[in-house]
Amino acid sequence: MSTIEVPRAEFLEISTDQPAQPRRRRIKRKTVNTVIWMVALLALTAIVLYPLVWMLFATFKPSSEFGQNPGLMPENPTVDNYVKVVEGIAGTPLWRFFANSLFIAVMAVIGTLFSSALAAYAFARIKFRGVGLLFAAMIGTLLLPFHVIIIPQYIMFNKLELVDTYWPLILPKFLATEAFFVFLIVQFIRNIPRDMDEAARIDGAGHLRIFFSIILPLIKPALITSAIFTFIWTWNDFLGPLLYINTPEEYPLPIALKLYNDQTSTSDYGATMAVSFLALLPILIFFIVFQRFLVDGVATQGLKG
Amino acid sequence: MFNIRTRRTALAAAALTASAALVLTGCSGGGAETAATYDPDEKVTLDLAFWGNDVRAELYDAAIASFNEEYPNITVNTSFLGFPEYWEKRQTEAAGGGLPDVMQFDYSYLRQYSENGLLLDLEPYLGNVIDTEPLAQNILDIGVVGDETTGIPTSTNAWGMYTNPKLLEQVGVEEFAGGDWEDYDAWMKEVTDAATAAGVELWGGTDWTGRIQNFEVQQRAKGEDLFTEDGEPNFTEEDLAAFWEQGDAVRTDGSVIGQQRLEEIYPLSGFDSALTASELTWDNFGAGYLGNLGTDFTELGLFEPPVTEEGAKDLYLKPSMLHSISAKTEHPEAAATLVNFLVNSPESGAAFGTNRGLPASTTALEGADLDPLSQQIADYEASIADRLGDAPPVPIVGYGTLEEKFRLIGQELGYGTLTVDDAVSQFFSEMDVVLNQ
Amino acid sequence: MTTTQSIVTAGADAKAMRRELRRAERGGPSMSPGRRRAARRESVAGYGFLVPWLIGFLGLTLGPMLYSLYLAFTKYNLFKDPEWVGFDNFVRMFTDDPQFMQSVQITLVYVLVGTPIKLAAALGIAMLLNYRNKGSGFFRSSFYAPSLIGASVSVAIVWRAMFSTDGPVDNSLSFFGIDLGGWVGNVALVVPMMILLAVWQFGAPMVIFLAGLKQIPQELYEAAEMDGAGPVRKFRSVTIPMLSSVIFFNLLLELINAFQIFASAYIISNGSGGPAGMTNFYTVYLYKRGFADLQMGYASAMAWVLVIVVAIIAFILFKTSTRWVHYAGENR
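Treat the numbers as computed from the prediction; the structure is a model and nothing was measured.

## Concerning the overall build of chain B
From N to C terminus, chain B includes 18 helices and 11 strands. Out of the 437 residues in chain B, the part that is buried amounts to 60%. In chain B, once contacts between residues fewer than 6 apart in sequence are set aside, the share between residues at least 24 apart is 75%. Of the roughly 16700 Å² of accessible surface on chain B, 50% is carried by carbon and sulfur atoms.

Right, dumping it as structure tokens:
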């Protein structure tokens, strides 16, 4: 593993540049710190990842092992679970469920970023009558358990004849109904010093220009965070599609992977595990790709605050 | 994707079948639509919803394919989910107005949906569109709520006892030879003790006082259903306390699998996991057990439950599922045609086999190819004929809640976190709420 | 004072707004036409930016919320029209429902114990990750991975396997001489197990902390170092104040989420809230009452009791936040 190599390389490189004795000791201490840091993180990673590794191994267990073999290793390893799930469910190929989920999630990300950032800017930077009341209302929508508003919302979408379409899943995202993201972005905008937008205002810039050319670039970490969460949470959303989608070919993954279980007859837990694991991969890749942007967010651009 | 409900095209007013007039009575606000009957040339789309897994979905696809050979103009859009999700969705649709045309229905929800006028009264179609010849009267009666027939049973099941012969052989104990509940407890202890001696992790069974069905069987042995025709409770606090106290012995001497172990193997049961040698349950659970036990186990034993009272008619046939039609369907006749096909046709019997339980219709049963287990279930239901009484009244609204509450109380008794007296008063106060909702 | 008003005063630009209002009052009718035009322009811009949110709020959220408030005072079984019963639901809740009381207790334990642990873990790991950049992509992804899992039966299977008798948790604890046996079926250990599940999925607050840490200008640390500040000192006088807006966000949202814990408990217990009611958390119970028992009136009443409790907590947090939350954009 690279744990040992990396710090050593750094040490050598720097030490040839800076041969001075006290400096060397400091670098040595830094190297020791880095090693400790690495070891600590690796240990934590191992603990955190163990259940996922268990899950991966479980995808190779035949269905009958689930009640009888609680261990990590399958007793009779098999790839049957994958063979079965790749065939799809009742005539619908597996990729179709992935495509459905992907479509909904991508639309949700676009909608949430667009609408939440606009609303957040208004709440954080514009002084107008009623802003406080509206902000309180927005926080208020976070507090109510969503179960009690399911039925009235269903009635509305049913009246609009939008049931069995993706609209009830996507439209709310374009209307910033997830206060979580509005509030998140508000907090980040409020943390940006006002010097820059005030300078821009003196130059005659309006709110639209300030928003697009000053604020948006500065809240990149918040936007990336919102994008990641929206994608993952939409990908995993179960209740929305359950209520609004009737046609099995249009089901997203969370519904599809339940279709291997029927408590009233037989359940294929092996297949369930395999689909669950496959369903993890796209969002894992999404996260790996996008988490990089968290690093080169604001910090590298420098905040002159 | 939008659900395209085809509009009724201008009908060539010919070809009215004899049942047209009858159909009108089942059609709400028909107005000038004299031709509410199903016209074979008209293109109709029906939504059909059922609960089940991928396996059942494929069986439905096969059945509908043969349905379409006969009725090419009826397009059937199927939609399926697991059992709890299925009902969550139906409840929302019922409140929001938008149930599918044809639904696979569960007995415990039948009264609720019927009494609130959500299901179509099938009376006008019985004997014409829906063939009643292959369905015994006591089976048809199961789907009657008040004076309306709102569901047709597809299949029946009965309460029974599954055993695991291979495990019993392993520990050297004979099958349960029959007897009363105490005999059963003694037999379970024998199995558990033998297993302990042999160093095998195995118990004789599960604490049977956790299931409301066992209480029902014991009450019926006294000639009393749990609820009256009017939905009033028909048992006392003393009855219930006496029932739960019967479990005290097995719970304390460890001859049944402990609650803790059961939690660890969830979502499987003790019997699924080869940890118990017997289980009192509905007889249609056999296929699921075999599937979950895996290829090491090829056969199960199926016997009658312990006897409370010699000669009592304590068992009954329950519909494992029914088919119902939404009261708001635009195509009642086409929907009834589909229901008839799914319940009665040999093609449907051939497609489903016993996936939905043992077919209730003789014509469907003839079409079905029974595997050994299904044959065993059919034989079992025939063998208990003299213990089979009339089915109890259609379960009260909220029966599902009570059944679940009963199960949870059973768990707590297993943990010892609840005394029998507290359990009884909790159950009765829950029942109060349910009956008054 | 109603909660709405309270949050108003603590709300987004409340301070600035109050200043503005005071100025307007002072200026009164003599406020210059130019200022008034500017104020109007600000209002137009404000509402303009809010258009999507306003449509969503008024069109999709507000109506159903008010309807559920109405239902809280009714008996409603989803099938028949709601029937007005006044405060009956609330009375039953607090006087005649042992399950409700148990549910409140375990939910409070879950919130009060779980939230601080989860936030501490998230902040701790975020700072560890921020400390060096080596392999940080790998670590970030690894630590976030558990949070990727949706609420499927797979989670139930995995989590039960981890905490069953002779499972990895039991075995590692036994190694240190702590013999607890399996957690899953042990009534006393189910809530701790659920807390650990929540802590395991600390990815969301961790990522938000990370994003917040990235927003802290490096110069501040350099300046602190020049002044001879050690790591503890830097944490207390640079990290915490600069991160306070994000800490505040995470604290508030994690509290709200914890109060509304649903999916994991529902999945793990197969919707039953068992064993022995120990996963029957507030929202799980509310949901069972509403959808399984069809007592939507009672469920709505429960929902609004929760709203009031959480709103009070949110109000207190917003109130105290003026003392410890620092906004770089508003500190002048």
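## So, the interface of chain C and chain A
Facing 103 residues of chain C, the contacting portion of chain A comprises 106 residues. When the two sides are added together, the surface that chain C and chain A hide from each other amounts to roughly 9700 Å², 74% of it contributed by carbon and sulfur. For the pair chain C and chain A, the number of links is one salt bridge. Note that Glu42 of chain C and Arg201 of chain A form a salt bridge whose closest N and O atoms lie 3.1 Å from each other. At the boundary of chain C and chain A, one finds 16 residue pairs in polar contact (both at pLDDT 80 or more). Ranked by the residues each element gives to the side of chain C that touches chain A, the list is headed by helix α3 (residues 33–71) of chain C, at 20 residues. Among the residues forming the side of chain C that touches chain A, the class breakdown is 69 nonpolar, 25 polar and nine charged.

## Observations regarding the interface of chain B and chain C
On the side of chain C, 34 residues touch chain B, which itself brings 27 residues to the contact. Together, the buried faces of chain B and chain C total about 2600 Å²; carbon and sulfur atoms form 52% of this surface. Linking chain B with chain C are two salt bridges. Here Arg289 of chain C makes a salt bridge to Glu430 of chain B, at a shortest N to O gap of 2.8 Å.

## With respect to helix α7 (residues 167–174) of chain A
Think of an α-helix as 3.6 residues a turn; residues three or four steps apart then line up on the same face. By the burial criterion, the buried members of α7 of chain A are Pro168, Leu169, Ile170, Pro172 and Lys173 of chain A. For α7 of chain A, the elements touching its buried residues are α4 (94–125), α6 (150–159), α11 (220–236) and α12 (239–244) of chain A together with α3 of chain C. Residue Ala176 of chain A follows α7 of chain A closely and has a positive phi angle near 50°.

## A short note on the pattern of salt bridges
As enumerated under the stated definition, the model contains 24 salt bridges over all chains in all. Residue Asp239 of chain B is joined to Lys222 of chain B by a salt bridge in which the shortest nitrogen-to-oxygen separation is 3.2 Å. Remark: Lys222 of chain B occurs in the loop between α8 (212–221) and α9 (237–245) and Asp239 of chain B occurs in helix α9; sequence separation between them is 17 residues. Residue classification places Lys222 of chain B among the partly exposed residues on the basis of a relative accessible area of 49%. Taking the shortest distance from any N to any O, the salt bridge between Arg251 of chain B and Asp248 of chain B comes out at 2.7 Å. Of the two residues, Arg251 of chain B and Asp248 of chain B are both situated in helix α10 (residues 248–253); the distance of three residues between them amounts to about one turn of the helix. A cluster of three or more residues bridged by salt bridges with shared partners is formed by Lys84 and Asp268 of chain A together with Asp54 of chain B.

## Observations regarding the sheet that holds strand β10 (residues 318–325) of chain B
All names here are of chain B. Spatial strand order, β2-β1-β3-β10-β6-β11: six strands in an open sheet with mixed pairing. Two strands in the sheet have a free side with no partner beyond their single neighbour: β2 (74–81) and β11 (358–359). As defined by bridge partners, strand β6 (residues 152–157) adjoins β10 across five bridges and the pair is classed as antiparallel. The partner of Thr156 across the bridge, within β10, is Pro319. Contacting β3 (102–105) and β10, helix α4 (residues 107–115) runs over the sheet at an angle of about 35° to β10.

## Structural notes on the pairing of β3 of chain B
Residues and elements named next belong to chain B. Here β3 shows two buried faces, one formed by Val102 and Gln104 and the other by Met103 and Phe105. In terms of strand pairing, strand β1 (residues 44–51) meets β3 through two bridges, oriented parallel. Bridged to Ala49 within β3 is Met103. Note: β3 against β10, four bridges, orientation antiparallel. Opposite Val102, over in β10, you have Ile325 as the bridge partner.

## Points about the UniProt feature "transmembrane region" (unreviewed entry) in chain A
Residue and element names in this part refer to chain A. Residues given the UniProt feature "transmembrane region" (unreviewed entry) here are residues 34–57, 102–124, 131–155, 167–189, 210–233 and 269–290. Secondary structure across residues 34–57 comprises 100% helix and 0% strand; the distance between its end C-alpha atoms is 32 Å. The span residues 210–233 is 96% helical and 0% strand by assignment, and the distance between its end C-alpha atoms comes to 30 Å.

## Quick word on the side chain of Ser79 of chain B
Topologically, Ser79 of chain B is positioned in strand β2. Exposure remark for Ser79 of chain B: the relative accessible area of 9% places this residue in the buried category. Only 3.1 Å separates the side chain of Ser79 of chain B from the backbone oxygen of Asn246 of chain A, close enough to count as a polar contact. Each residue touching Ser79 of chain B, except ones within four places of it in the same chain, is listed here: Asn246, Pro248 and Tyr251 of chain A together with Leu48, Ala49 and Phe50 of chain B.

## A short note on unusual backbone geometry
Residues and elements named next belong to chain A. Of note in the backbone geometry, Asp164 takes a positive phi value of approximately 65° without being a glycine. Along the chain, Asp164 turns up in the loop between α6 and α7. Taking the relative accessible area as the measure of exposure, Asp164 reaches 1% and is therefore buried.

## Focus: the nonpolar core
One recurring pattern in soluble globular proteins is that nonpolar side chains are buried together. Core analysis: the biggest nonpolar cluster contains 275 residues, and Phe123, Phe183 and Ile219 of chain A, Tyr113 of chain B together with Trp53, Met194 and Met206 of chain C have the highest contact counts within it. The residues contacting Met206 of chain C, other than those within four sequence positions of it, are Ala122, Ile125, Ala126, Leu129, Arg140, Phe143 and Tyr144 of chain C. Counting 60 residues, the second-largest nonpolar core is a separate cluster that includes Phe227, Leu300, Leu302 and Leu402 of chain B.

## Some remarks on a nonpolar patch on the surface
A cluster of nonpolar side chains, contributed by Leu108, Val109, Leu112, Val113 and Ile117 of chain C, occupies part of the molecular surface with about 410 Å² of accessible area. Inspection of the secondary structure assignment puts Val113 of chain C in helix α5 (residues 98–131).

## Topic: a positive patch on the surface
Taken together, the side chains of Arg36, Arg37, Arg40 and Arg41 of chain C make up a positively charged region of the molecular surface. Note that Arg37 of chain C resides in helix α3.

## A look at the packing of aromatic side chains
Residues and elements named next belong to chain B. Scanning the model with the defined rule gives 89 aromatic pairs over all chains in all. With centroids separated by 5.1 Å and ring planes inclined at 85°, the aromatic side chains of Trp51 and Phe83 adopt a geometry described as edge-to-face. Of the two residues, Trp51 is situated in strand β1 and Phe83 in helix α3 (residues 83–96); the sequence distance between them amounts to 32 residues. What makes Trp51 buried here is its relative accessible area of 2%. Judged by centre distance (5.8 Å) and plane angle (50°), the rings of Phe176 and Trp187 are tilted. Within this pair, whereas Phe176 is found in the loop between α6 (165–171) and α7 (181–198), its partner Trp187 is found in helix α7, the two being separated by 11 residues in sequence. Note on Phe176: relative accessible area 7%, which makes it buried.

## Some details on the pairing of β6 of chain B
Residues and elements named next belong to chain B. With six of six residues buried, β6 is to be regarded as a mostly interior element. One ladder, built from two bridges, connects β6 with β11; its direction is antiparallel. Note on β11: the bridge partner recorded for Ser155 is Pro359.

## A few points about the side chain of Thr156 of chain B
Residues and elements named next belong to chain B. If you trace the backbone, Thr156 turns up in strand β6. With a relative accessible area of 4%, Thr156 lands in the buried category. Within the structure, the side chain of Thr156 is placed 3.3 Å from the side chain of Glu381, a separation counted as a polar contact. If we skip the residues at most four places from it in the chain, Thr156 touches Ile139, Leu317, Lys318, Pro319, Ser320, Gly357, Leu358, Ala360 and Glu381.

Rules used throughout
- Residues numbered from 1 in each chain as written.
- Chains lettered and ligands numbered in written order.
- Predicted model: local features only at pLDDT ≥ 70, side-chain atom pairs only at ≥ 80, totals over all residues.
- Heavy atoms only, no water.
- Helix = DSSP H or I, 4+ residues; strand = E, 2+ residues; numbered from the N terminus.
- Buried < 20%, exposed > 50% of the residue type's maximum accessible area, 1.4 Å probe, protein only.
- Contact = heavy atoms within 4.5 Å.
- Areas by Shrake-Rupley, 256 points an atom, 1.4 Å probe, with all protein chains shown as cover.
- Buried area = accessible area lost by both parts, 1.4 Å probe.
- Salt bridge = Lys/Arg side-chain N within 4 Å of Asp/Glu carboxyl O.
- Polar contact = N/O pair within 3.5 Å; in protein donor to acceptor, adjacent residues only side chain to side chain.
- Nonpolar A, V, L, I, M, F, W, Y, C, P; charged D, E, K, R; others polar.
- Pairing = 2+ DSSP bridges.
- Axes fitted to C-alpha atoms, helices over the stretch in contact; angles between N-to-C directions.
- UniProt positions renumbered as here; feature names shortened; annotations may be inferred.
- Core = buried A, V, L, I, M, F, W, Y, C linked by side-chain atoms within 4.5 Å.
- Patch = residues over 30% accessible without salt bridge, like charges linked within 9 Å, V, L, I, M, F, W, Y side chains within 5 Å.
- Lys, Arg positive; Asp, Glu negative; His and termini not counted.
- Charge placed at Lys NZ, Arg CZ, Asp CG, Glu CD.
- Phe/Tyr/Trp six-rings, centres within 6.5 Å; stacked < 30°, edge-to-face > 60°.

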